[in-house]
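A structural walkthrough
Chain by chain, the residues run as shown.
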Amino acid sequence: MAHQSYAKTVLTKALEIAGSGNASCGDISSALFVQTRAQHKRLLNTLSDLSRTGKLRRVGQGVYAAPLGGIGKPPSMWQRMWNLIRMRKRVTVDDLVELGEVSHAYALECLQILVRRGYVRKIQEPGLKGIWVVVKDAVEAPENVDKAAKLRELRRKKKETITGKLDAIDNAVQSVRNILQNLEDE
């Protein structure tokens, strides 16, 4: 019989307790019969690792839930940016580039969208880099509707192109069938 890893055991128990809701560290600790400080510290570190890899979603201090996109699916870049901004409360573009592992342009675009939507505000002091501060906190990342609209338009154009090419192929096949029909009639 194969031995299950500690992380897998913690993940299974956390998801079982959370169901469609939330699971606190205390609930998970009790369910796994954690008794010592060392064991509890190991549990907290494991929960943190599971959250970082996207297998669990941290919804508050010591509170976890199943990930939004399904188990094992890492958070999107947009979600990572929002999580970093919420955790830090004050960020620079360089913070997001370094911690979120995204390009400078993407981090700046993300912040500009959040400013337009009223979630963050830019504070610019003379001679210093801009600092963005959270003004409206939400657990779930605000939907990136700007990007979604661009992607919808791109998909629409691709669909038109493909449909046009399929129509051309259909016309060519029909033309070949007509030629074959004419050959049979002769």
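Please read all numbers here as calculations on a predicted model, not as lab measurements.

About the criteria used
Residues numbered from 1 in each chain as written. Predicted model: local features only at pLDDT ≥ 70, side-chain atom pairs only at ≥ 80, totals over all residues. Heavy atoms only, no water. Pairing = 2+ DSSP bridges. Helix = DSSP H or I, 4+ residues; strand = E, 2+ residues; numbered from the N terminus. Axes fitted to C-alpha atoms, helices over the stretch in contact; angles between N-to-C directions. Contact = heavy atoms within 4.5 Å. Parallel < 35°, antiparallel > 145°, perpendicular 65-115°, else oblique. Left-handed = near helix turned anticlockwise from the far one by under 90°. Expected span 1.5 Å × (residues − 1). Buried < 20%, exposed > 50% of the residue type's maximum accessible area, 1.4 Å probe, protein only. Arc of directions from axis to C-beta.

1. Observations concerning the sheet that holds strand 3 (residues 63–65)
Strand order in the open sheet formed by three strands is 1-3-2, with antiparallel pairing between adjacent strands. Of all strands in the sheet, those bounded by a partner on one side alone are strand 1 (22–24) and strand 2 (57–60). Mean inter-strand twist for the sheet, computed between neighbouring axes without regard to direction, equals 40°. Bridge count for strand 2 against strand 3 is three bridges, and the pairing is antiparallel. What sits directly across from G60, in strand 3, is V63. This element, helix 1 (residues 6–18), spans strand 1 and strand 3 of the sheet and lies at about 125° to strand 1.

2. Some remarks on the packing of helix 4 (residues 77–88) against helix 6 (residues 104–117)
At a minimum axis separation of 11 Å, helix 4 and helix 6 run at an interaxial angle of 70°. Taken together, helix 4 and helix 6 sit at an angle that is classed as roughly perpendicular. In this structure, the crossing between helix 4 and helix 6 has a hand that is right-handed. The residues of helix 6 that touch helix 4, namely those facing M77, W78, M81, W82 and I85, are Y106, C110, L111, I113 and L114.

3. Comments concerning helix 6
Helix length check: helix 6, at 14 residues, gives a terminal C-alpha distance of 20 Å against a target of 20 Å (1.5 Å per residue), a fit within 8%. Those residues of helix 6 lying buried are Y106, A107, C110, L111, I113 and L114. Around the axis of helix 6, the buried residues are gathered within 160° of arc, so they sit on the same side. Facing away from the buried side of helix 6 by more than 90 degrees, the exposed set consists of A105 and R116.

Geometric values such as these leave the question of function open.
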